[in-house]
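A structural walkthrough
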Amino acid sequence: MSEFNRDIPYNGLPLLPPIDKLETIDVLKKTISASRALANLNGAIINLPNPQLFLDTIHLQEAKASSEIENILTTNDELYKSVVAKTKRNDTAVKEVISYKYALWHGLQQLKTRPFITTNLCIEIMQQIKENTSGIRTVGGTTLSNFKGQIIYTPPTGENVIREKLANLEKFINEDISFDPLVKMAVMHYQFEAIHPFADGNGRTGRILLLLFLKMEKLLDVPALYLSEYIIQNKADYYNGLRMVTEKGDWENWIIYMLDMIEQTANKGMVRLKEIMDLMHEVAQEIQAELPKIYSKELVEVLFKLPYIKRMNLIDAGFGTPKTVGNYLIALEEKGFLKSVMVGKEKLYLNWRLMEVLEKG
């Protein structure tokens, strides 16, 4: 371990791979159960009739939770209204959450053409999150403090130093095959957060990189995990785990924490996925029974893509003229499947039963 002093820039942050033994018996045991849970979720998603159907909802839920870690707070209702409505978004928190969702989407698109995680990709993701053109930190003075205002960590300083650390991280992510991918993911996440390359947006960028890494390693074909939800529920352990690697070289507990995050999140994802699929099947049967003239599998899918819907969504999906789809929505509301709400001058329709599932957390 290089000498660490929380008040001095940690330019001695060791390069990867770590010299410590990482794959202990406890880590390997946890790796097996985490991998199994992830594989089960992946299998369940790719076997869906439309694996992409819930992606917008899942990514927005992840964006909301990841932003919440940074004390950027909004409600599901405000978030989904803002996504669907044309009304200009004035809520800063909602804007930041939606920017996070676009940053995740940008990263996934980039992986399609170049399946590597690079320094430039990290910068692009951060710029999408922050909606600016800033880059690597070039000035000193960055410190991380606890809620009492005490400095707990001073990241490396100097653009050349930071870029050297990122280049090493990039090589480790894309070339090192000596570790199980999930162990490598835990190491990667610690190192990125320890480098802390940006003035702002490091935490959210680092959490997007987790999903991109799982996709890149073909561990999750459709990146449908709410990883940040686990971190919110175990926030003190998350920050303590990072600190213990830095101060004591305690990789084992950190890696087990990250593996548990994967396992618990994947298992919870399976439960949530089943709840939504069961509800979708139930609603489909009810619409078919009560409104047979307008029922179609495609209509039900549109109703479950996001909790809120408007006429234009149905027009874009090819369900007919404004008058026709307007009649569909009125009929669905009259039968209690949807609830209408005005947002500005625009009428939205809420799939309230889907929202109830999402609100359960």
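Residues numbered from 1 in each chain as written. Predicted model: local features only at pLDDT ≥ 70, side-chain atom pairs only at ≥ 80, totals over all residues. Heavy atoms only, no water.

Scanning the protein chain for helices and strands turns up 15 helices and 5 strands. In terms of overall dimensions, the protein chain is globule-like: its C-alpha atoms have a radius of gyration of 22 Å, near the 21 Å expected for 361 residues. Overall size of the protein chain, expressed as C-alpha extent along the three principal axes, is 70 × 45 × 40 Å. Put simply, the protein chain has 361 residues, and 52% of those count as buried. In the protein chain, once contacts between residues fewer than 6 apart in sequence are set aside, the share between residues at least 24 apart is 71%. Carbon and sulfur atoms provide 52% of the accessible area of the protein chain, an area that totals close to 16,900 Å². Charge separation in the protein chain, taken as the distance between the mean sites of 43 positive and 45 negative side-chain charges, equals 5 Å. (Helix = DSSP H or I, 4+ residues; strand = E, 2+ residues; numbered from the N terminus. Rg over C-alpha atoms; globule rule 2.2 N^0.38 Å. Buried < 20%, exposed > 50% of the residue type's maximum accessible area, 1.4 Å probe, protein only. Contact = heavy atoms within 4.5 Å. Areas by Shrake-Rupley, 256 points an atom, 1.4 Å probe, with all protein chains shown as cover. Lys, Arg positive; Asp, Glu negative; His and termini not counted. Charge placed at Lys NZ, Arg CZ, Asp CG, Glu CD.)

Before going further, it helps to spend a moment on the pattern of salt bridges. Where charged atoms of side chains with opposite charge meet at close range, the side chains can pair. Per the stated rule, a full pass over the model turns up 21 salt bridges. The residue K274 makes a salt bridge to D278 at a minimum N-O spacing of 2.7 Å. Residue K274 and its partner D278 are located together in helix α11 (residues 251-290), separated by 4 residues, close to a single helical turn. When its relative accessible area of 53% is taken as the criterion, K274 is described as exposed. Put simply, K297 and E301 hold a salt bridge, and the shortest N to O gap is 3.5 Å. With K297 and E301 both in helix α12 (residues 297-303), this residue pair falls 4 residues apart, about one helical turn. Judged by its relative accessible area of 47%, K297 is partly exposed. Here E301 falls in the buried class, since its relative accessible area comes to 13%. Bridged by salt links that share partners, the residues E96, K130, D200 and R204 form one connected network. (Salt bridge = Lys/Arg side-chain N within 4 Å of Asp/Glu carboxyl O.)

Once that is clear, we can look at the packing of aromatic side chains. Summed over all chains, the structure comprises 11 aromatic pairs. Pairing Y238 with Y257 gives two aromatic rings, centres 6.2 Å apart and planes at 45°, and the pair type is tilted. Of this pair, Y238 sits in helix α10 (residues 235-248) while Y257 sits in helix α11; the two residues are 19 residues apart in sequence, bridging distant segments of the chain. What links up through ring pairs into an aromatic cluster is the set Y230, Y238, Y239, W254 and Y257. In this structure, K184 packs its charged tip against the face of F172, placed 5.9 Å from the ring centre. Note that R272 overlies the ring of Y226, its terminal NZ or CZ placed 4.0 Å from the centroid. (Phe/Tyr/Trp six-rings, centres within 6.5 Å; stacked < 30°, edge-to-face > 60°. Lys NZ or Arg CZ within 6 Å of the ring centre and 35° of its normal.)

For the rest of this paragraph, the subject is the sheet that holds strand β5 (residues 346-350). Reading across the sheet, the 3 strands line up as β3-β5-β4 and stay open at both edges, with antiparallel pairing between neighbours. Looking at which strands have only one partner, the edges of the open sheet turn out to be β3 (308-309) and β4 (339-343). Where β3 meets β5, 2 bridges bridge the pair, whose relative direction is antiparallel. Residue pairing in the sheet places Y308 in a bridge with L350 of β5. Packed on one face of the sheet, helix α14 (residues 322-334) meets β3, β4 and β5 and runs near 50° to β5. (Pairing = 2+ DSSP bridges. Axes fitted to C-alpha atoms, helices over the stretch in contact; angles between N-to-C directions.)

Grouped together as the largest cluster of nonpolar side chains are 119 residues, with contacts concentrated most on L212, L225, W254, I262 and F304. Those residues in contact with L212 that sit more than four places away from it in its chain are L104, G107, L108, L111, I117, L121 and I125. (Core = buried A, V, L, I, M, F, W, Y, C linked by side-chain atoms within 4.5 Å.)

Regular strands place their side chains on alternate faces of the sheet. Note: β4 against β5, 5 bridges, orientation antiparallel. Counted as the bridge partner of V343 is E346 from β5.

We now examine the side chain of S99. With respect to the element layout, S99 can be found in helix α4 (residues 92-113). When neighbours within four sequence positions are excluded, S99 is seen to be in contact with Q128, I129 and E131.

Position of T246 relative to the elements: it lies in helix α10. Of the residues examined, T246 reaches a relative accessible area of 5% and is grouped as buried. Reaching out from T246, the side chain makes a polar contact with the side chain of Y190 at a distance of 2.7 Å. (Polar contact = N/O pair within 3.5 Å; in protein donor to acceptor, adjacent residues only side chain to side chain.)

Tracing the chain through its elements places G326 in helix α14. When the C-alpha positions of G326 and L211 are compared, they lie 38 Å apart, and in sequence the two are 115 residues distant.

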